[in-house]
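# Reading the structure
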Amino acid sequence: MSSSDKQPGDHHALPPEIYGAMLQSGNTAGNEPGWLVLLAHRQSPPGEKRMAALAKTFDVDGWTASQWIRSPAPRIMRRVATEEKAAKWVEYFRDLHLRAFAISEKNMVASDPVDTHLFTWDQWHLTFEHRAGFGHIALPDVLCIVAGEVREETIVDHTEKIGFMGELARGHERVHTRSRFLIDIHGRAEGEVYRLDQDELDLGAMYPDREQASSVMIREVLASIREVVPAVPFFGDFSLAQDALGNAHQLLDRSTGLVRRWLHGARGARISEARTTLVSGLPAFQLYSAFLAAECRELGTGDGKQD
């Protein structure tokens, strides 16, 4: 890869948490959808000279480059404007004996998972009931299964100033915390993915004689799926991959109130501001799931079978 192919100011891998936030909001960097170049996950270092070449290309130290290669999730290395440029970067990584692939942002944005309410299976198909009807994936057409627990916290930060020259008082409050287990089942067709969400799946209808917690039953659903398609790659390392992918923060609300107090004359103003933030692992899981499916589609099953 010559220096002329590099984009100005693009010397490092694209931070996944930034891209995840853009993807979650429906926006991508630049005016038009681009192409992403990714390193496949969990690779072995290709040798000292090739590692040195990789580190030099991205202007990082050897330790950082080795962490990218060993990442538990595919790692975004470049965002480029065209498929042709993406192909050049993929070839560059292959010359370093590294597995890499390119995917279109347009396809990623258009392939949101279909939330499933009821799920059944037999010896031929997986069947998904959703708001628009039914979907089916023949067992030989199941590409991979991705699962993980997503945590979400709603946090309120308070900032208050008493008097025009008063001191700031800050407070931090966690008002809501929840976690739920997700299973994404990807088909071989581009963008074909059904999601089994612990909070959305009608587990009572699936297990009418059971009274166990939904967190237990959703994992039993996963075990049943893996028994039906035992040869399909399974990826369940989201708890490890989340740090590599990053959390996305979404600003939900900002409000400012002004209250005047008239005690023993004008004491000035009390200015208070509250900011509510959702800290969610969902955007990271979306990337984890989409990137692994793309890797399976482009490069084959890889190592898979992660518990």
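Everything below is about the structure shown above.
Residues numbered from 1 in each chain as written. Predicted model: local features only at pLDDT ≥ 70, side-chain atom pairs only at ≥ 80, totals over all residues. Heavy atoms only, no water.

### Digging into the overall build of the chain
Each helix and strand counted, the chain has 9 helices and 13 strands in total. Within the chain, the fraction of its 307 residues that count as buried is 44%. Of the contacts formed within the chain by residues at least 6 apart in sequence, a portion of 73% connects residues at least 24 apart. Approximately 16300 Å² of the chain is accessible, and the part contributed by carbon and sulfur atoms is 50%. (Helix = DSSP H or I, 4+ residues; strand = E, 2+ residues; numbered from the N terminus. Buried < 20%, exposed > 50% of the residue type's maximum accessible area, 1.4 Å probe, protein only. Contact = heavy atoms within 4.5 Å. Areas by Shrake-Rupley, 256 points an atom, 1.4 Å probe, with all protein chains shown as cover.)

### Some thoughts on the packing of helix α2 (residues 48-58) against helix α3 (residues 62-69)
At a minimum axis separation of 9 Å, α2 and α3 run at an interaxial angle of 100°. With respect to α3, the element α2 is oriented roughly perpendicular. Between α2 and α3, the residues in contact are M51, L54, A55 and F58 and G62, A65, S66, W68 and I69, respectively. (Axes fitted to C-alpha atoms, helices over the stretch in contact; angles between N-to-C directions. Parallel < 35°, antiparallel > 145°, perpendicular 65-115°, else oblique.)

### What to know about the sheet that holds strand β2 (residues 75-80)
Pairing in this open sheet of 3 strands is antiparallel, and the strands run β2-β1-β3 from one edge to the other. Single-partner strands in this sheet number two, and they are β2 and β3 (100-104). For this sheet the average axis-to-axis angle between neighbouring strands, irrespective of direction, equals 25°. Note that strand β1 (residues 35-39) and β3 share 5 bridges and pair antiparallel. Across the sheet, residue W35 finds its bridge partner in β3, namely S104. The sheet strands contacting helix α4 (residues 83-95) are β1, β2 and β3, and the helix crosses β1 at an angle near 10°. (Pairing = 2+ DSSP bridges.)

### Observations regarding the environment of S280
Structurally, S280 is set in strand β13 (residues 266-280). The sequence separation of S280 and R151 amounts to 129 residues, and the corresponding C-alpha distance is 6.1 Å.

### Quick look at the pattern of salt bridges
Overall, the coordinates contain 8 salt bridges when judged by the stated rule. Taking the shortest distance from any N to any O, the salt bridge between R178 and D199 comes out at 2.8 Å. Note that R178 is positioned in strand β9 (residues 168-187) and D199 in the loop between β10 (193-197) and α6 (203-206), a separation of 21 residues in sequence. What makes D199 partly exposed here is its relative accessible area of 39%. For D197, the salt bridge goes to R180, with nearest N and O atoms at 2.9 Å. With a gap of 17 residues between them, D197 in strand β10 and R180 in strand β9 connect regions that are remote in the sequence. Note on accessibility: D197 and R180 belong to one class, buried. (Salt bridge = Lys/Arg side-chain N within 4 Å of Asp/Glu carboxyl O.)

### Digging into the sheet that holds strand β6 (residues 125-130)
Read from one edge of the open sheet, 3 strands run β5-β6-β7, paired in antiparallel fashion. On the outer flanks of this sheet lie β5 (118-121) and β7 (133-138), each paired with one strand and no other. Each neighbouring strand pair of the sheet contributes to a mean axis angle of 15°, computed without reference to strand direction. Across 6 bridges, the pairing between β6 and β7 is antiparallel. Looking across to β7, one finds that H130 is bridged to G133.

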